[in-house]
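# Topology and contacts: notes
Next come the chains, spelled out residue by residue.
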Amino acid sequence: MKKQYYLKIIFFFTILLFIPYLSNAQEKSLYKNISEALLSRSKLSGKHGPRNINWIDGGNRYSYTVSNSKTHKNEIRSFNPVTMKDTLIFRVDSLTFPGTKKLFNYKSFQWDKDSKHLIFQTNFRKLYRRSGISDYYIYSLKTKKLKIGAENARTAELSPDGSMVGYERKGNMFVYYLNTRKEYQLTNDTTANVFNGHYDWVYEEEFGQAQAWSWSPSSKYIAYWQFNESKVPIVQITNYEGFHPKYEKIPIPQVGDPNPKVRIGVINVVTKKNIWINTSVTGDYYIPRIYWTSKANVLAVMILNRAQNDMRLFFVNVKSGKSNLVFQEKSNTWIDIYDFYAGVNDMISFPKNYNEFFWISDRSGYQHIYRYNYNGKLINQVTKGNWDVVKIQGINIKNKKIYYESTEASPLERQLYSINFDGTGEKRITTVPGTHRFNMSPNTKYFFDSYSNINTPRQVELWSTTKGMIKKLVSNSSVEKYLKTHVYSPKELFSFTTSDSQKIDCYIIKPYRFNKTKRYPVIFTIYGGPGSQSVFNSFATNPFRQYLSQKGYIIVDVNNRGTANYGSKFMKIVYKHLGKWESHDFVETAKYLAKLPYVDSTRMAIMGTSYGGYSTLYTMTTHPNVFKVGIANSPVTDWRLYDDIYTERYMGLLKDNESGYDSSSATEHAAHLTGHLLLIHSAMDDNVHPRNTMQFITALTNAGKDADFRFYPLGAHGAIYSKTSYILLMKVYYNFLNRYLMSGDNQININK
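Residues numbered from 1 in each chain as written. Predicted model: local features only at pLDDT ≥ 70, side-chain atom pairs only at ≥ 80, totals over all residues. Heavy atoms only, no water.

With that settled, the discussion passes to the packing of aromatic side chains. The full count for this structure, using the stated rule, is 72 aromatic pairs. Ring plane angle 40° and centroid distance 6.5 Å describe the contact between Tyr-31 and Tyr-547, whose orientation is recorded as tilted. You can see Tyr-31 sitting in the loop between α1 (2–26) and α2 (34–38) and its partner Tyr-547 sitting in helix α6 (residues 543–550), a full 516 residues away along the chain. There is no split in this pair, since Tyr-31 and Tyr-547 are both buried. Ring geometry for Trp-639 against Tyr-642: centres 5.7 Å apart, planes inclined by 80°, an arrangement best described as edge-to-face. Connected via pairs of aromatic rings, a cluster forms that spans Trp-334, Phe-340, Tyr-341, Tyr-527, Tyr-575, Tyr-611, Tyr-614, Tyr-618, Trp-639, Tyr-642, Tyr-646 and Tyr-650. (Phe/Tyr/Trp six-rings, centres within 6.5 Å; stacked < 30°, edge-to-face > 60°. Helix = DSSP H or I, 4+ residues; strand = E, 2+ residues; numbered from the N terminus. Buried < 20%, exposed > 50% of the residue type's maximum accessible area, 1.4 Å probe, protein only.)

So, in structure tokens, the structure goes:
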């Protein structure tokens, strides 16, 4: 008995001895350093599913790219959802550029209209955000041969009948006949300031497209933009390299500046006859979009006045040149013709072989779909309710059904619905809570659904619109596995009501080993620009925010007023007063958080890039003593220094709103800055010119105020241009936050 007793005692103490080791074995891993954190994004985002998806054969199959597990080279493959057959379409193997021994490579590709040819983009040389110079090659799936299609072109596209390649080179339009291998120049009127077939800087940046021309469905005509920017002021930037720096000169109109003169030409590619579209509209206006309609030889031309609150749609017969005003929409604020943040290229849709069009408008107070005939008569409002349609995903003219993405379930979610043309039979298709992204086949038979929510990493599925899910493509079990062994702080959604009775949605990421009896510093990571959205019911994948949470910070983001998808009143309250309501809501959020027992209101920071940089400066200078620390990267500091299309859309014309421009300028309020501020800018920022930050620094200096400043010669908007520069900049961020919110403990020795 004594022996058993002593054995039990020994066993008991042995267990006590090993408990710390067992506990450590079960402890989840923290990031070892900031570099490990920043390079771990893929561990949280997981797999994305098929890449470079293109629907082919009218939508009955799709192609995608994948890396071969054996050769580690990209392949283009196709998948048939009916037969479930996966087929190899293209791989480089030993294919060389025609007439050379150089192994073929490419940046991207597109399909022709009949899915018989691939058009490869190679030798890409970047110009602006969306554009660059490239060489284009045509690959025949039948002959397995590669032909040159266009050299040194900004854009190229096969004609719908597959016989020609159309392209723009050095401001002129060309066609290349594949059978005869002959090139024909269609325009010949380019000068130093006049060009055809590509956009100027501000159209490309603010209307969201790179290709400024379009084939007619008959392959007979090419419609194209012509720009004359002779009166547009020049912006100069340099990276200061060399003994005598070279300056890049870009014509960019700022608020109140002369815009480029723009017109639409239509050229017959056979006869080479050109006509200029004349809608009889006068004054200062934009032509943001053109569309070929289902009527033979009829082009729809969209005209938007400079204030961007009056849109007119003309139908033009390109044979006779006769134009007809079909539709007009006016607004007391602004009219959106596309949505950059939601990836919506067009708010208007022209279904093929159907003489009706659909327009997304917020005239009711929320964005909804409206149905028109080709005479411009409103047939009916298709969708209704106190929620927003985000995007038309597909239109089935046979069944007279529209598939659309909306916020009906919640502004924090995106779900797919269908509805009949006449507004009846609404049906919700996706049901899992979260933020869904869709890619629908043109025949509306199938769609990809990529979604996540705060508790579920990205899932990717292939669906039939009539039969349900066909195949689970990505479950990201690797993310789930990673989270079992690594520390992770999920987003938590919350909302509160401001002092002026407005509900505001936010998310919070709490620190590692959160203790509600402790008081933590808070970092607002904000953007805030009109039409954007930052808070979604989606999985948190930002590694820097996870790193900060592991270092004891609370992270917060806000869907402030100005944010899209809460109705036009919520979004457009900022009209002519940028900064006012955004900063108001950030401060209201800070005051709400300050009442929580685990928040240290004396240690709050606000930071952002671009509009987020502006929001940071405006909030700190108009609401001093709320935020102890601010980091503003690439900020606009005075809207008179920014491009005219973006600014005048939200601020109105300068002559109509001078006081609004004054009050919305962070530079005007610089003297009121309190707290610690870090400013960051790149010398090569063509989006927000460095003079924004320079003028703000001058205003600070004149007021006897100080700020830290990092000026990087390389990098464009956002100042990051490589993995190394990204890691460096985040170290700078971390040290600045740590110095003033954590008493400078655990500073990163950047130059060790």
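Right, let's get into the sheet that holds strand β3 (residues 74–80). In spatial order, the strands read β1-β2-β3-β4; together these 4 strands make up an open sheet with antiparallel pairing. Two strands lie at the open edges of the sheet, namely β1 (51–56) and β4 (85–91), each paired on one side alone. Direction aside, the axes of adjacent strands within the sheet are offset by 30° on average. Pairing of β3 with β4, which is carried by 6 bridges, proceeds in the antiparallel orientation. Note on β4: the bridge partner recorded for Arg-77 is Leu-88. (Pairing = 2+ DSSP bridges. Axes fitted to C-alpha atoms, helices over the stretch in contact; angles between N-to-C directions.)

Let us now look at the pairing of strand β36 (residues 491–497). Across 7 bridges, β36 lies against strand β37 (residues 503–509) in antiparallel orientation. Considered in β37, the bridge of Glu-492 is made with Ile-508. Once β36 ends, the chain turns through 5 residues before running back antiparallel as β37, passing Ser-501 with a positive phi of about 70°.

Let us now look at the pattern of salt bridges. For the coordinates displayed, the defined rule picks out 27 salt bridges. With its nearest N and O atoms 2.8 Å apart, the salt bridge here joins Glu-461 to Lys-472. Of the two residues, Glu-461 sits in strand β34 (residues 456–464) while Lys-472 sits in strand β35 (residues 468–474), which places them 11 residues apart along the sequence. Accessibility expressed as a relative area gives 5% for Glu-461, which makes it buried. Look at Lys-472 and you get partly exposed, because its relative accessible area is 36%. The shortest N-O distance in the salt bridge between Lys-510 and Glu-492 comes to 3.3 Å. (Salt bridge = Lys/Arg side-chain N within 4 Å of Asp/Glu carboxyl O.)

Before going further, it helps to examine the side chain of Lys-510. Inspection of the secondary structure assignment puts Lys-510 in the loop between β37 and β38 (520–525). In this structure, Lys-510 is in contact with Ser-489, Glu-492, Ser-549, Tyr-553 and Tyr-598, ignoring residues within four places of it in sequence. (Contact = heavy atoms within 4.5 Å.)

The next subject is the sheet that holds strand β42 (residues 676–682). The 8 strands lie next to each other as β36-β37-β39-β38-β40-β41-β42-β43, forming an open sheet whose pairing is mixed. One side of each edge strand has no neighbouring strand; the edge strands of this open sheet are β36 and β43 (708–712). On average, adjacent strands in this sheet sit at an angle of 20° to one another, irrespective of strand direction. Pairing geometry for β38 and strand β39 (residues 554–559), over 3 bridges, is parallel. Bridging across to β39, Val-522 finds its partner in Ile-554. In the packing of helix α8 (residues 580–594) onto the sheet, contacts are made with β36, β37, β38, β39 and β40 (599–609), and the angle to β40 comes to roughly 150°. Together, β40, β41 (629–633) and β42 form the strand contacts of helix α9 (residues 611–622), whose direction differs from that of β40 by roughly 140°.

Fair warning: the whole summary comes from geometry, so function is off the table for now.
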